[in-house]
Amino acid sequence: MLKFASIGSGSRGNGLIVESATGRILLDCGFSLKETEHRLNKLDCPPDSLDGIVVSHEHGDHITGVGRLSRKYKLPVWITVGTYNAAKDNRFYQTYFFKADDTLTVGDLTIQPFAVPHDASEPCQFVFSSNQQSLGVLTDTGHITPIIIERLSQMNALLLEYNYDEHLLVTGKYPYNLKQRVGGKYGHLENNQSTSLMSQIDCSHLQCLVAMHLSENNNDSEKVNALLENLSFLQVVEKYISSQKDGFNWKIIENKG
Ligand SMILES: [Zn+2]
Ligand SMILES: [Zn+2]
């Protein structure tokens, strides 16, 4: 069994619950303690039911709430050394270090981090699996690398960044430096980069594709919905967008034997 839900996705805060039969973790926590508690409880996931928190990188929208949540509910934190050293608050209840290409286990949940090009100290993204079922997560990535294509092939579910639309970014109100950062090789994925990735990976097992981390200033959910619908080879795949306000509700990967 593998299921997942988002407590919110975007530059004002991220958090993803991933659960197997005997493991339940939160990937990233970019909200205040009170907001995190509220959002977790709304999904019937009280904070003390978590086995721990996995951190992708030290940007505030992913790590702001990790320290306080960890201390209050005595939750262990899995993190890279680079991210730990770059974090403003790293007084975790308990810390376990990992590196890209390690394999972590929490109950019967397996977590495989892989390195991504992003302007942080030691950023990773993840494949979660349990009992032959797999979930790939890719956000906060500036460009597609061979390891990304390799790791995200043959997933049952994929949570993929659709951060910005090139035209909206270029013509938008962001200052020049920020435009360069977001659109650079170590920034975020443009809608067409995400679309292109979908044609480069093996989607034969895919049941569900969720667009993540949409920029509120430089993207438009109608454009992203149109791009998702245009993935004609994924006609039977369930596709939707995760929002900043509500994330998305629980999704269970079906066992198709
Ligand atoms: Zn982010
Ligand atoms: Zn980031």
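These figures come from a predicted structure and were not determined experimentally.

### Focus: the sheet that holds strand S6 (residues 94-97)
Link 1 in the chain: Spatial strand order, S6-S5-S4-S3-S2-S1-S14: 7 strands in an open sheet with mixed pairing. The open sheet has two free edges, formed respectively by S6 and strand S14 (248-252), since each of these has just one partner strand. Neighbour-to-neighbour, the strand axes of this sheet turn through a mean angle of 20 degrees, independent of strand direction.
Link 2 in the chain: By the bridge criterion, 4 bridges tie strand S2 (residues 15-20) to strand S3 (residues 24-27) in an arrangement that is antiparallel.

### Some remarks on the packing of aromatic side chains
Link 1 in the chain: Under the counting rule described, the total for this entry stands at 7 aromatic pairs.
Link 2 in the chain: Between Tyr-240 and Phe-248 the ring centres are 5.7 Å apart and the planes differ by 70 degrees, which places this aromatic pair in the edge-to-face class.
Link 3 in the chain: You can call Phe-248 buried: its relative accessible area is 6%.
Link 4 in the chain: Through a chain of ring-to-ring contacts, the aromatic side chains of Phe-4, Tyr-240 and Phe-248 assemble into a single cluster.
Link 5 in the chain: Between Lys-3 and the ring centre of Trp-250, over which it is positioned, the NZ or CZ distance is 4.6 Å.

### A closer look at the coordination of the zinc ion (ligand 2)
Link 1 in the chain: Ligation of the zinc ion (ligand 2) by protein atoms is provided by His-57 (NE2), His-59 (ND1), His-118 (NE2) and Asp-140 (OD), these donors lying 2.2 to 2.4 Å from the ion.
Link 2 in the chain: Here the zinc ion (ligand 2) binds 4 donor atoms, and the angle range of 92 to 169 degrees at the metal identifies the geometry as irregular.
Link 3 in the chain: In the primary sequence, the donor residues of the zinc ion (ligand 2) line up as H-x1-H-x58-H-x21-D.
Link 4 in the chain: In this model, the zinc ion (ligand 2) sits 3.6 Å from the zinc ion (ligand 1), the two metals being bridged by Asp-140. Of this pair, His-59 sits in the loop between strand S4 (52-54) and helix H2 (60-63) while Asp-140 sits in the loop between strand S10 (133-138) and helix H5 (146-151), and the two are 81 residues apart along the sequence. Here the two residues His-59 and Asp-140 agree in accessibility, since each one is buried.

Procedures and definitions
- Residues numbered from 1 in each chain as written.
- Chains lettered and ligands numbered in written order.
- Predicted model: local features only at pLDDT ≥ 70, side-chain atom pairs only at ≥ 80, totals over all residues.
- Heavy atoms only, no water.
- Pairing = 2+ DSSP bridges.
- Helix = DSSP H or I, 4+ residues; strand = E, 2+ residues; numbered from the N terminus.
- Axes fitted to C-alpha atoms, helices over the stretch in contact; angles between N-to-C directions.
- Phe/Tyr/Trp six-rings, centres within 6.5 Å; stacked < 30°, edge-to-face > 60°.
- Buried < 20%, exposed > 50% of the residue type's maximum accessible area, 1.4 Å probe, protein only.
- Lys NZ or Arg CZ within 6 Å of the ring centre and 35° of its normal.
- Donors = N, O, S within 2.8 Å, 3.2 Å for Na, K, Ca; no water.
- Tetrahedral: all angles 85-135°; square planar, octahedral: opposite > 155°, others 65-115°.

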